[in-house]
Amino acid sequence: MFMKSVSGLRRSVLAHKRCQWPPVAGGAVTKINRAGWVALLLVHIAVAGSAWTPVVEAQDDTAKTEQAAESQDERSLGVASPDDPDPYDDAAIQAELEEWDRQMRAMADKYAAPPGAKQITKLPDLWIDPKAKRVYIDGYVTMRKGALEMFACPVGTKEHESIVAAFAKSKEVHAGLLALGTKSGTPVSYDPEFKPPTGQPVAVWVTWRDEAGKFKVVDARTWVQNNETKKPLAEQWVFAGSQLWTDPVDKVTHYSADSGDMICVSNFSSAMLDVPFSSSAQAGNLLFLAHTERIPEQATPVRLVLVPQFENDPTATTPPDESILPMPQKAAEKPAEKSDAEKTGDAKAKTDTSKKATGTR
């Protein structure tokens, strides 16, 4: 839920506390000698230098607050928007969640299943093709501009630092890669010294259709730009394989990459796919950015194609073709329901035909 900001909720206290000059009563001042006047004047100058500046800043801050309040895009937790659901109305909240799910599924179901592939999740979001050695993952463009930690994350995790949000979980994609015979390696290690992640290289392709329905395919690395060299990512991702951890409280075992680290461009010990070199994960020192000009509009449905790089595979570097991204077949249109008059006319025609065939008594 979102909230709108309003003016008047936040004001600097300094704005209402102007400097008093002089800060002492006139009767007391008359008792101060010449030296005292000089000393007092110096004190006043020092006080004024520190006090008047915040007043000006506070006035400017007040103006900024009022200006922000006039903007419809400025929102905070201060006051509820009229179109926000009642936080105490369970039905309204449920309706909002259902609408969100509907919109998500509309993007997830944009394309039909890739032919010859086997669905390995309950919903049609992830497939494997054992013959072609391919994993297909449906998702959508979630971010086009900004610093990156991931190229792709599962929906509902780290969309603010990923280009693609995938509808499948990381552990499901991991299982799909293993089913094709892909060999996992080891995640990044920092103790006692840095060791880059290892594993079988995996190429990642992005496929989608534009507004006109034309098929598009690119190497996912071209959407990732090095912040220093301005060049695209050069190395292939490796199947590091993430890791498992068990919650000490409920004893439930979790696959770490499900928290967001599906296909990473910063090194994480929880990464499923990672880059095989040192790439900072510190917020202020991230190595890669989204290459905005090459990425389609936000919310564009896409299908990722993961291709394990097996030796002696002549198709390992061949981009997928249009056949892997079919559009859903439109449901056959039902004939329009006839009016009562038409139904009466049909019944009469049947009766007349019957009389002709059997004769009248």
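Sequence positions are assigned chain by chain, starting from 1 and proceeding in written order. Where totals are concerned, whole chains, interfaces and linings use all residues; where local detail is concerned, this predicted model gives features only for residues with pLDDT of at least 70, and gives and counts side-chain atom pairs only at 80 or more. Side-chain calculation: all heavy atoms of the structure are included, whereas hydrogens and water are not.

(A) A look at the overall build of the chain. Helix and strand counts for the chain stand at 5 helices and 18 strands. We call a residue buried when its accessible area falls under 20% of the maximum for its residue type, exposed when it is over 50%, and partly exposed in between, using a 1.4 Å probe and counting protein chains only. The burial tally for the chain puts 35% of its 361 residues in the buried class. Any two residues whose heavy atoms approach within 4.5 Å are treated as being in contact. Sequence-distant contacts in the chain: of pairs separated by 6 or more residues, those separated by 24 or more amount to 66%. Residue exposure ignores everything except the shown protein chains as possible cover, and the areas themselves are Shrake-Rupley values with a 1.4 Å probe. Roughly 22,100 Å² of accessible area belongs to the chain as shown, and the carbon and sulfur atoms make up 56% of that amount. Helix and strand assignments come from DSSP, with helices taken as H or I runs of at least 4 residues and strands as E runs of at least 2, each series counted from the N terminus.

(B) Structural context of the nonpolar core. By convention a nonpolar core is built from buried Ala, Val, Leu, Ile, Met, Phe, Trp, Tyr and Cys residues, the set being connected through side-chain atoms within 4.5 Å. The biggest cluster of nonpolar side chains holds 52 residues, and the ones touching the most others in it are Phe151, Trp237, Ile263, Leu273 and Leu306. Of all hydrophobic cores here, the second largest spans 6 residues; its members include Met107, Ala108, Tyr140 and Ala165.

(C) Structural detail: unusual backbone geometry. With omega at 10°, the peptide bond leading from Asp191 into Pro192 counts as cis. Following the sequence through the fold, Pro192 ends up in the loop between helix H4 (170-179) and strand E9 (201-209). Despite not being glycine, Ser242 shows a phi value in the positive range, around 55°. Relative to the assigned elements, Ser242 resides in the loop between strand E12 (237-239) and strand E13 (244-246). The class for Ser242 is buried, based on a relative accessible area of 8%. For Lys251, which is not glycine, the phi dihedral falls at a positive 65°. According to the relative accessible area criterion, Lys251 is exposed, its value standing at 60%.

(D) View of the side chain of Arg134. In this structure, Arg134 sits in strand E5 (residues 134-141). In this charge count, Lys and Arg are treated as positive and Asp and Glu as negative; neither His nor the chain ends contribute. We define a salt bridge as a side-chain nitrogen of Lys or Arg found within 4 Å of a carboxyl oxygen belonging to Asp or Glu. No salt bridge is formed by the buried Arg134. Its closest oppositely charged neighbour is Asp313, at 4.4 Å. N or O atoms closer than or at 3.5 Å make up a polar contact, with two conditions inside protein: a donor-capable atom paired with an acceptor-capable one, and, for residues adjacent in sequence, both atoms drawn from side chains. Here the side chain of Arg134 touches Ala132 through a polar contact of 2.6 Å, landing on its backbone oxygen. For Arg134, the residues in contact, after removing those within four places along its chain, are Trp127, Ile128, Asp129, Leu180, Val305, Leu306, Val307, Asp313 and Thr315.

(E) Representation of the sheet that holds strand E17 (residues 288-290) within the structure. A strand pair is defined by DSSP finding two or more bridges across the two strands. With antiparallel pairing, the 3 strands of this open sheet are ordered in space as E6-E17-E11. Here the strands that pair on one side only, and so sit at the sheet edges, are strand E6 (147-148) and strand E11 (224-226). Looking at chain direction, E6 and E17 are connected through 2 bridges and run antiparallel. Opposite Ala147, over in E17, you have Leu289 as the bridge partner.

(F) Summary view of the confidence of the model for the chain. A residue's pLDDT is the predictor's confidence in that residue, given on a scale from 0 to 100. The share of residues in the chain with pLDDT of 70 or more is 69%, and the mean pLDDT across the chain is 79. Considering only residues more than four positions removed or in separate chains, one finds that residues 1-65, a stretch of pLDDT under 50, has 56 contacts. Note that pLDDT drops below 50 for residues 68-77; the model gives that stretch 18 contacts with residues more than four away or on any other chain.

(G) Seen up close, the pattern of salt bridges. Taken as a whole and assessed by the stated rule, the structure comprises 7 salt bridges. One salt bridge connects Asp109 with Arg105, and the closest N-O pair in it is separated by 2.8 Å. Overall, the relative accessible area of 38% leaves Asp109 in the partly exposed class. The class of Arg105 is partly exposed, set by a relative accessible area of 22%. Between Arg221 and Asp219 there is a salt bridge, with its nearest N and O atoms 2.7 Å apart. Look at the salt bridges and you will find they share partners, linking Arg105, Asp109 and Asp125 into a network.

(H) Structural detail: the pairing of strand E4 (residues 126-129). Alternating residues of E4 divide into Leu126 and Ile128 and Trp127 and Asp129, and every residue in both groups is buried. In the sheet, strand E3 (residues 118-119) pairs with E4 via 2 bridges, with the strands oriented antiparallel. Along E4, the bridge assignment pairs Gln119 with Trp127. If you look at the hairpin formed by E3 and E4, you'll find 6 residues sitting between the two strands. Both E4 and E5 contribute to a ladder of 4 bridges, which runs antiparallel. Across the sheet, the residue bridging to Ile128 is Val135, located in E5.

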